[in-house]
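Examination of the molecular architecture
Take a look at the letters that make up each chain.
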Amino acid sequence: MATSDSPTRKALRYTGKAKEVYDTDQPGLVWIHFTDGATAFNGVKKATIADKGRVNAAISAHIFERLEAAGVPTHLVATPGPLDHVCHEVEIIPVEVVVRNVAAGGLSKRLGIEEGTVLPRPLVEFFYKSDELNDPLITHDIALMMGWAEAWELAYLEHAALEVNDFLRDFWGEFELDLIDFKLEFGRATAPGQRGRILLADEITPDGSRLWERGTRRRFDKDVFRRDLGDLGDTYRALFARVFGQDLPAATGA
Ligand code: C5P
């Protein structure tokens, strides 16, 4: 629930690969700041890509607002600036949920399916969120055995991920983009009135999705960086222009 006073950013809590998380002056709310950092292969390849933070922050906020309106609870509360999201504090469930519509990347490698092969139905996969272990693929039973999530939570994650997939396929389709696959993270809300409620967390951006232009298969996602297919900044600015119908405003330098 949004609060009447806008929260203020306080101490840095955590620095991630493309985001920083800060405390706020309001209990139960955190401040997430998007950066221009780009990493691939679990941090082995690194760069700074001008404008990436603003494109990702804007796209993720737009999608989260639309999902919330469609009945999928998310952590997003407010967008106080072009790089900033105020969010409900959550305890992240260490199970990353990947949904795939078309074979690519890890699935193609693992099963020997040619990239671009349309799957007979959307596939949901769980990965253990661990940089140390390189986010290994896990089963439902492993997640339960390790106590990473409860059975009802895994059922919810799968159901919500498929619902998000339905929404996102239409969303990206409006911009002539095919949604190949994407990753979601969920968390348990910590605020007293919300305790235990599962919220869609983290982000939905071209960093964690594969988006191929219909017909040409031009990549509009982080594979451009991972595979050296072109300029990631140009790609993300072009994606912004497609989604918002206008060019990304010039940076203010702030
Ligand atoms: O690498 P893989 O093919 O398994 O990735 C599937 C999807 O999940 C891709 O869209 C990728 O960007 C995303 N992903 C991610 N973070 C990870 C692993 C995958 O965002 N740690």
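Now for a description of the structure that goes with this document. Just so it is clear, the structure is predicted and the values come from calculations on it, not from any experiment.

The rules behind the values
Residues numbered from 1 in each chain as written. Predicted model: local features only at pLDDT ≥ 70, side-chain atom pairs only at ≥ 80, totals over all residues. Heavy atoms only, no water. Helix = DSSP H or I, 4+ residues; strand = E, 2+ residues; numbered from the N terminus. Rg over C-alpha atoms; globule rule 2.2 N^0.38 Å. Buried < 20%, exposed > 50% of the residue type's maximum accessible area, 1.4 Å probe, protein only. Areas by Shrake-Rupley, 256 points an atom, 1.4 Å probe, with all protein chains shown as cover. Contact = heavy atoms within 4.5 Å. Polar contact = N/O pair within 3.5 Å; in protein donor to acceptor, adjacent residues only side chain to side chain. Axes fitted to C-alpha atoms, helices over the stretch in contact; angles between N-to-C directions. Left-handed = near helix turned anticlockwise from the far one by under 90°.

**A look at the overall build of the chain**
Counting secondary structure elements, the chain contains six helices and 14 strands. Against the compact-globule benchmark of 18 Å for 254 residues, the chain has a radius of gyration of 18 Å, which places it among compact chains. Taken along the three principal axes of its C-alpha coordinates, the chain extends 50 × 50 × 35 Å. Each of the 254 residues in the chain was classed as buried or not, and the buried ones make up 51%. Taken as a whole, the chain presents about 12400 Å² of accessible surface, with 52% of it coming from carbon and sulfur.

**Concerning the environment of K17**
Relative to the helices and strands, K17 resides in the loop between β1 (9–15) and β2 (19–24). On a C-alpha basis, the gap between K17 and T39 in space is 6.6 Å, while along the polypeptide they are 22 residues apart. With sequence-adjacent residues up to four places away left out, K17 is seen in contact with T35, G37, T39, N42 and D131. A polar contact of 3.1 Å, which involves the side chain of K17, links it to the side chain of D131.

**Things to note about the packing of helix α1 (residues 52–69) against helix α6 (residues 232–244)**
At a minimum axis separation of 9 Å, α1 and α6 run at an interaxial angle of 30°. Considering the relative orientation of α1 and α6, their crossing is left-handed. Contacts between α1 and α6 involve K52, V55, N56, A58, I59 and H62 on the former and, on the latter, L232, Y236, R237, L239, F240, V243 and F244.

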